[in-house]
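The primary structure of each chain is shown beneath.
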Amino acid sequence: MAPISPNVRFLAAKDPLLHRYGAFAERYFGDDPNTAAGKMRQFAEVLAHSLARAHGLSFTSADDFFAVLRGLDRNLPAEVSDQLHQLRKHGNRALHDHADSHREALALLHVGHRLAGWYHNRYRDPKFTPAPFVLPPNPFAATDALKRDLGAAPAEAAETAAQLAATRGENSSLERL
């Protein structure tokens, strides 16, 4: 099951595979920018195949990603085509050259968000306007909060035990009356 994405959740109902790749890219961004960039490349490839189908172009999953993009170039706005090529090139660098930059991965997440919003508006819901890009949540924030809660647990347990002892003392005083 894909994590919930603050930036591409609108894709979940009609384009679950796009949502999955975008959501996992966001999830991995904090601790593995290389994997995030690779997921964004997969996102772009799935998006390219969806666009090809929408334009009546016949490609199979065995077709080279570059060939699909070249076939789409004359059917898409230049900016969209350029952004798809950008995701392909940077995703390839991440996967083949082991590029591991948070800055680059974040830039790819931004590009993916713009493409997802454009695609959803153009091909799924013409009234749709995407929300602004949100920095993906830090996966370690929940862990840090849990550690703080666990650190506070012994003190809270001691306080509860003291309150219980005080209550027992009050009850025994009342029983003597």
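Attention in this report is confined to the structure presented alongside it. (Residues numbered from 1 in each chain as written. Predicted model: local features only at pLDDT ≥ 70, side-chain atom pairs only at ≥ 80, totals over all residues. Heavy atoms only, no water.)

### A closer look at the packing of helix α2 (residues 33–54) against helix α3 (residues 65–72)
How two helices sit against one another is set out by the angle between their axes and by the gap between those axes. What counts, and what does not: Only the contacting stretch of a helix is used when fitting its axis, a line to C-alpha atoms as for every element, and angles between N-to-C directions run 0 to 180 degrees. Only DSSP runs of H or I with at least four residues qualify as helices, and only runs of E with at least two residues qualify as strands; both kinds are numbered from the N terminus onward. When an angle is under 35 degrees it counts as roughly parallel; over 145 it counts as roughly antiparallel; between 65 and 115 it counts as roughly perpendicular; any other value is oblique. Handedness of a helix crossing follows the sense of rotation of the near helix relative to the far helix, less than a right angle counterclockwise being left-handed and clockwise being right-handed. The contact criterion used throughout is that any non-hydrogen atoms of two residues lie within 4.5 Å.
It is the contact of α2 with α3, at a shortest axis distance of 10 Å, that shows an interaxial angle of 45 degrees. It follows that α2 is oblique to α3 by the angle criterion. Considering how the two elements wind past one another, α2 and α3 form a crossing that is left-handed. The segment α2 lies against α3, with Arg41, Ala44, Glu45, Ala48, His49, Leu51 and Ala52 engaging Phe65, Val68, Leu69 and Leu72.

### Thoughts on empty space enclosed by the protein
What counts, and what does not: Method remark: on a 1 Å grid restricted to protein atoms, a set of points is classed as a cavity if a 1.4 Å probe fits but cannot get out and as a pocket if it is open with protein on both sides within 12 Å along at least five of seven lines; lining residues have an atom within 4 Å of a point. Grid points are joined across faces, edges and corners, and a volume is the space filled by probe spheres set on the points.
Inspection of every chain in the model, using the stated rule, returns 2 cavities of 30 Å³ or more. Roughly 50 Å³ of volume is contained in the largest cavity. Taken together, Asn7, Val8, Gly22, Glu26, Met40, Phe43, Leu109, Gly112 and His113 make up the full set of residues lining the largest cavity. Among the secondary structure elements, those contributing two or more residues to the lining of the largest cavity are α1 (16–29), α2 and α5 (102–124). In terms of residues, the lining of the largest cavity owes the most to one element, α5, which gives 3 residues. Here the second largest cavity defines a volume of roughly 30 Å³. At the level of secondary structure, the elements contributing two or more residues to the lining of the second largest cavity comprise α2 and α5.

### So, the nonpolar core
Heads up, the rule is: For the purposes of this section, nonpolar cores are sets of buried Ala, Val, Leu, Ile, Met, Phe, Trp, Tyr and Cys residues that join through side-chain atoms within 4.5 Å. Type-normalised accessible area, obtained with a 1.4 Å probe on protein chains alone, sets the label of each residue: buried when under 20%, exposed when over 50%, and partly exposed for intermediate values.
In this structure, Leu11, Phe43, Leu47, Leu84 and Leu87 are the most contacted members of the largest nonpolar core, which totals 35 residues. Those elements giving two or more residues to this core turn out to be α1, α2, α3, α4 (78–96) and α5. If you tally residues by element for this core, the top one is α2, at 10 residues. The residues touching Leu87, leaving out its near neighbours within four places in the chain, are Met40, Arg41, Phe43, Ala44, Leu108, Val111, Gly112 and Leu115.

### Topic: the packing of α3 against α4
Two numbers describe how α3 lies on α4: the axes approach to 10 Å, and their chain directions differ by 170 degrees. It follows that α3 is roughly antiparallel to α4 by the angle criterion. On α4, the residues that touch Phe65, Phe66 and Leu69 of α3 are Leu84, His85 and Arg88.

### Remarks on the pattern of salt bridges
Cut-off, in case you're wondering: What counts as a salt bridge is simple: a side-chain nitrogen of Lys or Arg found within 4 Å of a carboxyl oxygen of Asp or Glu.
Taken as a whole and judged by the stated rule, the model has 4 salt bridges. Across the pair Arg41 and Glu45 runs a salt bridge whose closest N-O atoms are separated by 2.8 Å. Separated by 4 residues within a single helix, Arg41 and Glu45 lie in helix α2, roughly one turn from each other. Assessed through its relative accessible area of 15%, Arg41 is described here as buried. One salt bridge in this structure joins Arg93 and Glu104, with 2.6 Å as the shortest N-O distance. Here Arg93, found in helix α4, pairs with Glu104, found in helix α5; they are 11 residues apart in sequence, far enough to count as distant. By relative accessible area, which is 37% here, Arg93 ends up partly exposed. When its relative accessible area of 17% is taken as the criterion, Glu104 is described as buried.

### As for the packing of aromatic side chains
Using the following cut-off: Only Phe, Tyr and Trp rings are paired, with Trp represented by its six-membered ring, and only when their centres lie within 6.5 Å; those with planes under 30 degrees apart are stacked, over 60 edge-to-face, the remainder tilted. In this analysis the charged atom, NZ for Lys or CZ for Arg, is taken to sit over a ring once it is within 6 Å of the ring centre and within 35 degrees of the ring normal.
One pass over the structure, following the stated rule, counts 4 aromatic pairs. Judged by centre distance (5.6 Å) and plane angle (75 degrees), the ring pair of Trp118 and Tyr123 falls under edge-to-face. Ring pairing ties together the aromatic residues Trp118, Tyr119 and Tyr123, which thus form one cluster. Sitting over the face of the ring of Tyr123, Arg122 holds its NZ or CZ atom 4.9 Å from the ring centroid.

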